[in-house]
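# Understanding the architecture of this molecule
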Amino acid sequence: MIRQFTSAEFFFLVSAVRWTLLLSAIAFVGGATLGLVVALARTSPWQWLRATAGAYILVFQGTPLLMQLFLVFFGATMVGASVDPLAAAAIGLTLNAAAFLGEIWRGCIQAIPKGQWEASTALGLHYVTRMREIILPQAAKIAVAPTVGFLVLLVKSTSLASIIGFVELTRAGQIVNNATFRPFLVFGIVAAIYFALCWPLSLYARHLEKRFGTVSR
Amino acid sequence: MLTPAPADSTPAGERPVMIRMAGVEKYYGTYHALKAVNLDVHQGERIVICGPSGSGKSTLIRCINALEHHQGGEIVVDGTQVGKSSRGLDKVRAEVGMVFQSFNLFPHLTVLQNCTLAPRKVRGLAPKEAEAIAMKYLERVRIPEQANKYPGQLSGGQQQRVAIARALCMAPKVMLFDEPTSALDPEMVKEVLDTMISLAHDGMTMICVTHEMGFARQVADRVIFMDKGEIVEEGPPATFFANPKSERTRTFLGQILHH
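Analysis parameters
Residues numbered from 1 in each chain as written. Chains lettered and ligands numbered in written order. Predicted model: local features only at pLDDT ≥ 70, side-chain atom pairs only at ≥ 80, totals over all residues. Heavy atoms only, no water. Helix = DSSP H or I, 4+ residues; strand = E, 2+ residues; numbered from the N terminus. Buried < 20%, exposed > 50% of the residue type's maximum accessible area, 1.4 Å probe, protein only. Contact = heavy atoms within 4.5 Å. Areas by Shrake-Rupley, 256 points an atom, 1.4 Å probe, with all protein chains shown as cover. Lys, Arg positive; Asp, Glu negative; His and termini not counted. Charge placed at Lys NZ, Arg CZ, Asp CG, Glu CD. Pairing = 2+ DSSP bridges. UniProt positions renumbered as here; feature names shortened; annotations may be inferred. Core = buried A, V, L, I, M, F, W, Y, C linked by side-chain atoms within 4.5 Å. Salt bridge = Lys/Arg side-chain N within 4 Å of Asp/Glu carboxyl O. Nonpolar A, V, L, I, M, F, W, Y, C, P; charged D, E, K, R; others polar. Polar contact = N/O pair within 3.5 Å; in protein donor to acceptor, adjacent residues only side chain to side chain.

Check the secondary structure of chain A and you find 8 helices and 0 strands. When the helices and strands of chain A are listed from N to C terminus, the series reads α-α-α-α-α-α-α-α. Seen through its principal axes, chain A has C-alpha atoms that stretch 75 × 45 × 25 Å. Buried positions account for 45% of the 217 residues belonging to chain A. Taking as baseline every contact in chain A between residues at least 6 positions apart, the subset at least 24 positions apart corresponds to 74%. Only carbon and sulfur atoms are counted for the fraction: they give 72% of the accessible area of chain A, which is about 11100 Å². In chain A, the 16 positive side-chain charges and the 7 negative ones have mean positions that sit 5 Å from each other.

Across the sheet, which stays open at both edges, the 4 strands sit in the order S2-S1-S4-S5 (chain B) with antiparallel pairing between neighbours. Only two strands of the sheet have a single partner each, and these edge strands are strand S2 (31-42) and strand S5 (80-81) of chain B.

Turning next to the UniProt feature "domain: ABC transmembrane type-1" (unreviewed entry) in chain A. Under the feature "domain: ABC transmembrane type-1" (unreviewed entry), the UniProt entry names residues 17-205 of chain A. Across residues 17-205 of chain A one finds 83% helix and 0% strand; the C-alpha atoms that close the span lie 21 Å apart.

Residue and element names in this part refer to chain A. You can see Thr43 is positioned in the loop between helix H1 (7-42) and helix H2 (47-62). Accessibility expressed as a relative area gives 14% for Thr43, which makes it buried. Along the chain, Thr43 and Leu22 lie 21 residues apart, while their C-alpha atoms are 31 Å from each other. If we skip the residues at most four places from it in the chain, Thr43 touches Arg106, Ile109, Gln110 and Met131.

Time to look at the nonpolar core. Generally speaking, soluble globular proteins have nonpolar side chains that are buried together. Counting 70 residues, the largest nonpolar core has Ile19, Ile49, Leu60, Ile61, Ile64 and Ile207 of chain B as the members making the most contacts within it. When residues of this core are assigned to their parent elements, the largest contribution, 10 residues, is made by helix H4 (residues 85-110) of chain A. Excluding residues that lie within four positions of it along the chain, Ile49 of chain B makes contacts with Lys57, Leu60, Ile61, Ile207, Cys208, Val209, Thr210, Ile224 and Met226 of chain B. One finds Leu138, Val192, Leu193 and Phe240 of chain B within the second-largest nonpolar core, a separate group that totals 47 residues.

Below, the discussion takes up the UniProt feature "transmembrane region" (unreviewed entry) in chain A. All names here are of chain A. Mapped onto this structure's residue numbering, the UniProt feature "transmembrane region" (unreviewed entry) falls at residues 20-41, 53-74, 86-105, 139-164 and 184-204. Secondary structure content for residues 20-41 is 100% helix and 0% strand, and the end C-alpha separation is 30 Å. Segment residues 139-164 splits into 73% helix and 0% strand. End C-alpha atoms: 36 Å apart.

In this section: the interface of chain A and chain B. Taken together, the contact pairs 19 residues of chain A with 22 residues of chain B. Inspection of the region where chain A meets chain B yields 2 salt bridges. Secondary-structure elements contributing two or more residues to the side of chain A that touches chain B are helix H5 (114-122) and helix H6 (127-157) of chain A. Considering each element in turn, the side of chain A that touches chain B owes the most residues, 8 residues, to H5 of chain A. Its residues assigned to classes, the side of chain A that touches chain B shows 6 nonpolar, 8 polar and 5 charged.

This part takes up the side chain of Thr210 of chain B. All names here are of chain B. On the secondary structure map, Thr210 appears in the loop between strand S8 (205-209) and helix H7 (213-219). At 3.0 Å, the side chain of Thr210 forms a polar contact with the backbone nitrogen of Glu212. The residues contacting Thr210, other than those within four sequence positions of it, are Val48, Ile49, Cys50, Thr181 and Phe215.

It is worth spelling out the pattern of salt bridges at this point. All names here are of chain B. Scanning the model with the defined rule gives 23 salt bridges over all chains in all. The shortest N-O distance in the salt bridge between Asp78 and Lys173 comes to 2.8 Å. Note that Asp78 is positioned in the loop between strand S4 (72-77) and S5 and Lys173 in the loop between helix H5 (156-168) and strand S7 (174-178), a separation of 95 residues in sequence. Using a relative accessible area of 30% as the deciding quantity, one classes Asp78 as partly exposed. Between Glu234 and Arg222 there is a salt bridge, and its shortest N-O distance comes to 2.5 Å. Of this pair, Glu234 sits in strand S10 (residues 230-235) while Arg222 is found in strand S9 (residues 222-227), placing the two residues 12 residues apart along the sequence.

Encoded structure:
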């Protein structure tokens, strides 16, 4: 039988937001960690490391996120490991986010003037110190705005996890719609909730861009 | 002004060799930037290198601390071969200070932090020790009151003096200057040159790429003229400026001393 769309359905949708946020958070933290490794590899002095990281970025930027989620989810099942949808979605999104953040941050690292590298090298600072004390703190300033911008993209990307059966906001919308048959209303509300999550982030990104974009020294 | 007074009275040429460059070759792709360069720099010697742009003078000093890697010949700094091992390279970079045309101070660190970073991280000094040394050299370049400002808050001349202090904090045996006054407004050139002159009087081994011929006359033991990747001519400033032997040197000096 067809149910009515009541406040219970509405709160079911709202409560699914925590799974969207959890998945976003895991993917962002994981993606940022791995992304830093990718960015450092892309700017490393070793050709083979740059090439490896370049290939990684090429693969993950050049294929649909949905296919990546499928491959992680069904790939794991194929080798006999049973992954729950959250783990599969988190792994897929992390790998994907790492490629994009790695590429964004590579640009930020390379935007630091050559003179900063030369001065720290001439002072005898080693790679780790040079990166930690000189290059990354300056690159981080430039990176803040585009990183928050990417986070907006990531929050919306989590909706694809619904297809491998993880019940986050979009999947919750499908469930409610299956019971109520009010697709326009249900997905309208789902979209509005995404907007409510992303809009403040977009505003924040713009604010950060103004703040860090002008003060470069 | 004062005449150059080396720290000890032995003529520069008889003191031990600090930097030896023998048959140094450097290519950028197919471009031959340094052609069989031979140069011995003795302890306490002050050398000025001049020459037209693209003559290889910056490349030459950048090969000494391996900001550029040379492809042929050898460079030995205070007994350590440059480019043979990474440990040797660390040693050379810790002993050789460099001052750049564009200052290259670290904009996110205060003046004091700029000066203490390498002594702490490379020499392993305690923060207090490093700060004491930094303040000593900031006083030396006459800007101790700017210690807690950021580089962006200083004038170009002040920034370059901080850059000199930053290099001195590592207690280097050699200082390399790569056109240190070329990016400065004219009224700030003197304060930087004065700092360099006082450093020269203290017996620092210095190699300066510069077009400041007044500075060369006043402090240099030897002036070197480079063109097209070669050392064309060298000599003490008196003879170098009065009787340049090569036509290329005469043409160059005519161009830069004319106005």
